[in-house]
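Chain by chain, the residues:
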Amino acid sequence: MSASQPLAPLSHSDAILCDFDGTITLEDTGLATMRTFAGPGWWDIELAWRRGEIGSMECLSRQFSMIDVSPEHYRSFIESQPVDPALADLVQLCERAGCRFIILTDGLDLYIQWILQKLALTSLEVWSNEGRFDGSGRIVCSFPHQHPICKVHGNCKLAHLFRTRRDSRRIIYVGDGYTDMCPAASADVVFAKDVLAEHCERAGIPAVRCECLADVVTALA
Ligand SMILES: [Mg+2]
Ligand SMILES: [Zn+2]
């Protein structure tokens, strides 16, 4: 697959699995949160996760326990995070085609739902980890989708991909980062930004390099 080969238009038997942080939002919301509200030390935890020394559950739990912010202040910060302006077009394209659109993320439902509420897109299917304020300005993470065979991810995207494949003929994956590398290798069509695009190129995973969701809409219309 390459950008020069046209893709079959979206159909009802397809499913789009779309990453959230850095793909739907323009910046990674978790990293933006840490940069703004966490004390020193959060970046070392991030690097340990990127090197594969700890899993995302330990990474998220430790990082979100370091932040200090009120729920009201955090919500207004989250609502100010820029979102890809073509998200609504992509959702509409899926609705017209009768195709599933699923947000798949190793981030937290807390901030995802605030952003989707702001965009009036709360009916979207989202599979994520969970985060709740504990009453002292910290966020406690939980991992309801943790898969017994995956030690690396709180919300294993690959496990969700395999489950979605049972009733979808073509899996279209859209992502930008580290947690998208596993599922990208098993999708039928990959739209890749940033780190994921570089990884696909190095690993020989066929992918359409994209800059934004408008590229995905154009390629699948
Ligand atoms: Mg991402
Ligand atoms: Zn996994």
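In this text, all values refer to a predicted model and were calculated from it rather than measured experimentally.

When two helices pack together, their arrangement is captured by the angle between the axes and the distance separating the axes. As a packed pair, helix α5 (residues 87-97) and helix α10 (residues 213-220) sit with axes 8 Å apart at the nearest point and diverge in direction by 25°. Taken together, the axis directions place α5 and α10 in an arrangement best described as roughly parallel. The interaxial crossing formed by α5 with α10 has left-handed handedness. Residues L87, D89, L90 and L93 of α5 form the contact with α10, whose participating residues are L213, V216, V217 and L220. Partitioning the contact of α5 with α10 into residue classes produces seven nonpolar, no polar and one charged.

Structurally, R35 can be placed in helix α1 (residues 29-37). Separated by 32 residues in the primary sequence, R35 and I67 have C-alpha atoms spaced 9.6 Å apart.

Within the largest apolar cluster, 53 residues are counted, with the highest numbers of intra-cluster contacts made by V190 and A192. Every residue in contact with A192, bar those within four places of it in the chain, is listed here: G175, A184, A197, C200, A207, R209 and C210.

Since there are 3.6 residues in each turn of an α-helix, residues three or four apart along the chain are aligned in direction. Buried within helix α7 (residues 157-165) are the following residues: K157, L158, L161 and T164. All buried residues of α7 lie within an arc of 120° about the axis, which places them on one face of the element. Buried positions along α7 lie against β1 (14-18), β2 (100-108), β5 (170-175) and α8 (181-184).

Moving on, we come to the sheet that holds β5. Spatially, β4-β3-β2-β1-β5-β6-β7 is the arrangement adopted by the seven strands of the open sheet, whose pairing is mixed. Looking at the sheet topology across the chains shown, the edges are occupied by β4 (139-142) and β7 (208-209). Sheet analysis places β2 next to strand β3 (residues 125-133), joined by four bridges and oriented parallel. If you follow L108 over to β3, its bridge partner there is N129. Each of β5, β6 (189-192) and β7 is contacted by helix α9 (residues 194-203), which is oriented at about 130° to β6, the strand it contacts most.

Mapped onto the secondary structure, R166 falls in the loop between α7 and β5. Owing to 6 C-beta atoms within 10 Å, R166 belongs among the exposed residues under this scheme. Taking the C-alpha atoms as reference points, R166 and Q146, 20 residues apart in sequence, are found 20 Å from one another.

Here the focus is helix α6 (residues 109-118). Every buried residue of α6 is accounted for by L110, Y111, I112 and L116. Structurally, α6 contributes buried residues whose contacts are with α1, α4 (71-79), β2, β3 and β4. Of the residues one or two after α6, A120 is the one with positive phi, at around 55°.

Let us now look at the packing of α4 against α6. At a minimum axis distance of 9 Å, the contact between α4 and α6 shows a crossing angle of 55°. When the axis of α4 is compared with that of α6, the two are oblique. For the pair α4 and α6, the crossing hand works out as right-handed. Facing α4, whose interface residues are R75, I78 and E79, α6 presents Y111, W114, I115 and K118.

Here the focus is unusual backbone geometry. Trans peptide bonds make up most of the peptide bonds, and negative phi angles are found at most residues other than glycine. We note that A120 has phi near 55°; this positive angle belongs to a residue other than glycine. Inspection of the secondary structure assignment puts A120 in the loop between α6 and β3. Non-glycine residue D194 carries a positive phi angle of around 45°. Topologically, D194 is positioned in helix α9. With 17 C-beta atoms counted inside 10 Å, the residue D194 sits in the partly exposed group.

What counts and what doesn't
- Residues numbered from 1 in each chain as written.
- Chains lettered and ligands numbered in written order.
- Predicted model: local features only at pLDDT ≥ 70, side-chain atom pairs only at ≥ 80, totals over all residues.
- Axes fitted to C-alpha atoms, helices over the stretch in contact; angles between N-to-C directions.
- Helix = DSSP H or I, 4+ residues; strand = E, 2+ residues; numbered from the N terminus.
- Parallel < 35°, antiparallel > 145°, perpendicular 65-115°, else oblique.
- Left-handed = near helix turned anticlockwise from the far one by under 90°.
- Contact = placed C-beta atoms within 7 Å.
- Nonpolar A, V, L, I, M, F, W, Y, C, P; charged D, E, K, R; others polar.
- Core = buried A, V, L, I, M, F, W, Y, C linked by C-beta atoms within 7 Å.
- Buried ≥ 20, exposed ≤ 12 C-beta atoms within 10 Å, placed from the backbone.
- Arc of directions from axis to C-beta.
- Pairing = 2+ DSSP bridges.

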